[in-house]
Amino acid sequence: MTTEMLEMPVEVLGSEVELRTSRTRVIGNNAQVVEEVGVETTGNTQPYFIIKRMTDMVGSMIAFMVLSPVFLFAALFIKIFSKGPVFFRQTRVGQYGKPFEIYKFRTMKVDAEKYSGPVWAAKDDNRLIPGGNFLRKSKIDEIPQFINVLKGEMSIIGPRPERPFFVERLKNQIPDYEQRLKIKPGITGLAQVLHRADETINDVRKKIKYDILYLKRMCLWTDAMILARTVRVVLTGVVARKV
């Protein structure tokens, strides 16, 4: 997938995703028109979500079978070189704001945020365990999230789920931030293949634009192109845009 896909016409199984109209929101003492993008699941769009769920189930089972050697290697590596559990569980905000526990391979020291509180990961993060940077860059740490997909809490493709602390903070700072909660979060998404990992609020603002764009143009073809780009990112470690 190239960035040209952002300009392509997209249909959702013959029916476009319905968008809400603009409304007036009062900000301070001024009235400002804000365009709100919402996803309305109609009878015509329902087949897409049914097929998407079936694809998630089958894709997750295939991923576990194909990646089982990598799964076992990562678990053994973490157990040998770091004290603590192999898996890391953390509360994230899912569809419609419902919290759930996400599964990942642990890449940080136990109680890494005990004194700092919730913070975004940074380049050369000193909280990482030996080999943690490799597990992150190769996306191996994300493999356990296929469990969340099988449980129906996540999809393979969708906006990345964020922690409640950051959701509460960001929804008050970024217009339409909560729109991304209208669909299931994903292991990978348009924002992840077109922009680097979050390090600053500006990174988040840019990614929200991609999340909203995905909401507008969801279809099986878009999902397939994002998946293809994800494979490329995993193999090369290069995203389309780094700044």
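No experiment lies behind these values; they were computed from the predicted model shown.

**Brief notes about the pairing of strand 3 (residues 87-93)**
Alignment of strand 3 against strand 4 (residues 99-105), held across 7 bridges, turns out to be antiparallel. Paired with Arg92 across the bridge in strand 4 is Phe100.

**Here's the deal with the confidence of the model for the chain**
Looking at the chain as a whole, the pLDDT averages 78, with 72% of positions reaching at least 70. Note that pLDDT drops below 50 for residues 1-43; the model gives that stretch 96 contacts with residues more than four away or on any other chain.

**Focus on the side chain of Asn148**
Inspection of the secondary structure puts Asn148 in helix 3 (residues 145-150). Residue Asn148 is classed as buried on the basis of its relative accessible area, which comes to 0%. A distance of 2.8 Å separates a polar side-chain atom of Asn148 from the backbone oxygen of Glu101. Non-local contacts of Asn148, meaning those with residues more than four positions away in its chain, are made with Phe100, Glu101, Ile102, Tyr103, Glu153 and Met154.

**Digging into the nonpolar core**
With 42 residues, the main nonpolar core has Phe105, Tyr177, Leu190 and Tyr214 as its most contacted residues. Elements with a minimum of two residues in this core: helix 1 (46-81), strand 4, helix 3, strand 5 (155-157), helix 4 (164-170), helix 5 (190-194), helix 6 (201-216) and helix 7 (220-236). With 7 residues, the single largest contributor to this core is helix 6. Setting aside its immediate chain neighbours within four residues, Tyr177 contacts Glu162, Val167, Leu170, Lys171, Val204 and Ile208.

**Things to note about empty space enclosed by the protein**
All chains considered together, the criterion is met by 1 cavity of 30 Å³ or more. Estimates place the volume of the largest cavity at around 30 Å³. Around the largest cavity, the lining residues are Val93, Pro159, Arg160, Pro161, Arg180, Leu181, Ile183 and Pro185. Residue composition of the lining of the largest cavity, by class: 6 nonpolar, no polar and 2 charged.

**Things to note about helix 7**
Spanning 17 residues, helix 7 covers 24 Å between terminal C-alpha atoms, matching the ideal 24 Å at 1.5 Å per step. For helix 7, the complete set of buried residues consists of Thr222, Asp223, Met225, Ile226, Arg229, Thr230 and Val233. The arc that holds every buried residue of helix 7, seen down its axis, measures 160 degrees, which confines them to one face. Considering only its buried residues, helix 7 is in contact with helix 1, strand 5, strand 6 (186-188), helix 5 and helix 6. Looking one or two residues beyond helix 7, the residue adopting positive phi is Gly237, at roughly 75 degrees.

Conventions used here
- Residues numbered from 1 in each chain as written.
- Predicted model: local features only at pLDDT ≥ 70, side-chain atom pairs only at ≥ 80, totals over all residues.
- Heavy atoms only, no water.
- Pairing = 2+ DSSP bridges.
- Helix = DSSP H or I, 4+ residues; strand = E, 2+ residues; numbered from the N terminus.
- pLDDT = per-residue confidence, 0-100.
- Contact = heavy atoms within 4.5 Å.
- Buried < 20%, exposed > 50% of the residue type's maximum accessible area, 1.4 Å probe, protein only.
- Polar contact = N/O pair within 3.5 Å; in protein donor to acceptor, adjacent residues only side chain to side chain.
- Core = buried A, V, L, I, M, F, W, Y, C linked by side-chain atoms within 4.5 Å.
- 1 Å grid on protein atoms, 1.4 Å probe; cavity = no way out; pocket = protein on both sides within 12 Å on 5 of 7 lines; lining within 4 Å.
- Points joined across faces, edges and corners; volume = space filled by probe spheres on them.
- Nonpolar A, V, L, I, M, F, W, Y, C, P; charged D, E, K, R; others polar.
- Expected span 1.5 Å × (residues − 1).
- Arc of directions from axis to C-beta.

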